[in-house]
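The chain contents come next:
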Amino acid sequence: MTCQFKTLLATLALCCAGALAASNKLGLKATMRQSGLTYMKDTLLPIAEQKVLASSIPDMKQREKIKVVGKVDVELRNMKINRFHVTQSSLTATAPGYVTVSFAGPDMDATLNWHYRKVHWPHIRDSGRGEAKTTKTQGTVRVRLGTDAQGRPTATIDQCSMKMSDLKIKLHGGASW
């Protein structure tokens, strides 16, 4: 490398550094292509599926008023997702700063314990276990990408929707019918 070429490179580097310092817009800008988004989806989807399987679902308790019967306390407890698998999905850049995750066919199997008790006399009660299975589900999640005050990247769910076409629930024990 000649001395003139080295001097030219050093001058160019100093000019770029001076321009960046003067602009107060230091940072890095990256462009993500669809192939990169697809790779990210293929990498993160198995992790998301495992997170869903590991998640805990809180117990639910609700009082319902049923004609002829009266008030009934209904409980769903020990709910657990045993299988969760997304069969089709895509990740696309939509508006600037947004990515949309679309999915179809997340098949899911879950188990739970159920219990009900009539509030007023006679205090009729029953309990058992149940299984739930869903197929033919579709949904989208829109994520807003940004940075916090310290310049660290952030991702916030902006919109979320899901359509479930097929849900089967089987109850066992007691008067499960």
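Quick caveat, the model's predicted, so the values are computed rather than measured.

Topic: the pattern of salt bridges
So, point 1. Considering all chains together, one arrives at seven salt bridges under this definition.
So, point 2. A salt bridge links Lys 41 to Asp 42, with the nearest nitrogen and oxygen atoms 2.8 Å apart.
So, point 3. Here Lys 41 falls in the buried class, since its relative accessible area comes to 16%.
So, point 4. Overall, Asp 42 belongs to the partly exposed group, its relative accessible area being 45%.
So, point 5. Residue Asp 158 is joined to Arg 142 by a salt bridge in which the shortest nitrogen-to-oxygen separation is 2.2 Å. Remark: Arg 142 occurs in strand β4 (residues 125–147) and Asp 158 occurs in strand β5 (residues 153–172); sequence separation between them is 16 residues.
So, point 6. The partly exposed category is assigned to Arg 142, whose relative accessible area is 23%.

Let's talk about helix α2 (residues 34–54)
So, point 1. If you check α2, its first and last C-alpha atoms are 30 Å apart, about what 21 residues at 1.5 Å a residue would give, namely 30 Å.
So, point 2. Helix geometry: α2 is bent most strongly at Leu 44, by close to 30°, with proline Pro 46 lying one to four residues after it.
So, point 3. Considered for burial, the residues of α2 that qualify are Leu 37, Lys 41 and Glu 49.
So, point 4. Buried residues along α2 sit against β2 (70–93) and β3 (98–118).

A closer look at the environment of Val 86
So, point 1. Positionally, Val 86 belongs in strand β2.
So, point 2. The class of Val 86 is buried, set by a relative accessible area of 9%.
So, point 3. For the pair Val 86 and Ala 48, spaced 38 residues apart in sequence, the C-alpha to C-alpha distance is 9.8 Å.
So, point 4. Beyond its immediate stretch of four places on either side in the chain, Val 86 contacts Leu 45, Glu 49, Phe 103, Ala 104, Gly 105 and Pro 106.

A closer look at unusual backbone geometry
Working note: non-glycine residues mostly have negative phi, and peptide bonds are mostly trans.
So, point 1. Geometrically, the link from Trp 121 to Pro 122 is a cis peptide bond, its omega value of -5° lying close to zero.
So, point 2. In this structure, Pro 122 sits in the loop between β3 and β4.
So, point 3. The phi torsion at Val 68 lies on the positive side, around 75°, for a residue other than glycine.
So, point 4. You can see Val 68 is positioned in the loop between β1 (60–66) and β2.
So, point 5. With a phi angle near 50°, Asn 78 is a residue other than glycine that sits in the positive phi range.
So, point 6. Since its relative accessible area comes to 49%, Asn 78 is described here as partly exposed.

What counts, and at which threshold
- Residues numbered from 1 in each chain as written.
- Predicted model: local features only at pLDDT ≥ 70, side-chain atom pairs only at ≥ 80, totals over all residues.
- Heavy atoms only, no water.
- Salt bridge = Lys/Arg side-chain N within 4 Å of Asp/Glu carboxyl O.
- Buried < 20%, exposed > 50% of the residue type's maximum accessible area, 1.4 Å probe, protein only.
- Helix = DSSP H or I, 4+ residues; strand = E, 2+ residues; numbered from the N terminus.
- Expected span 1.5 Å × (residues − 1).
- Bend = angle between axes of the 7 residues up to and from the residue.
- Contact = heavy atoms within 4.5 Å.

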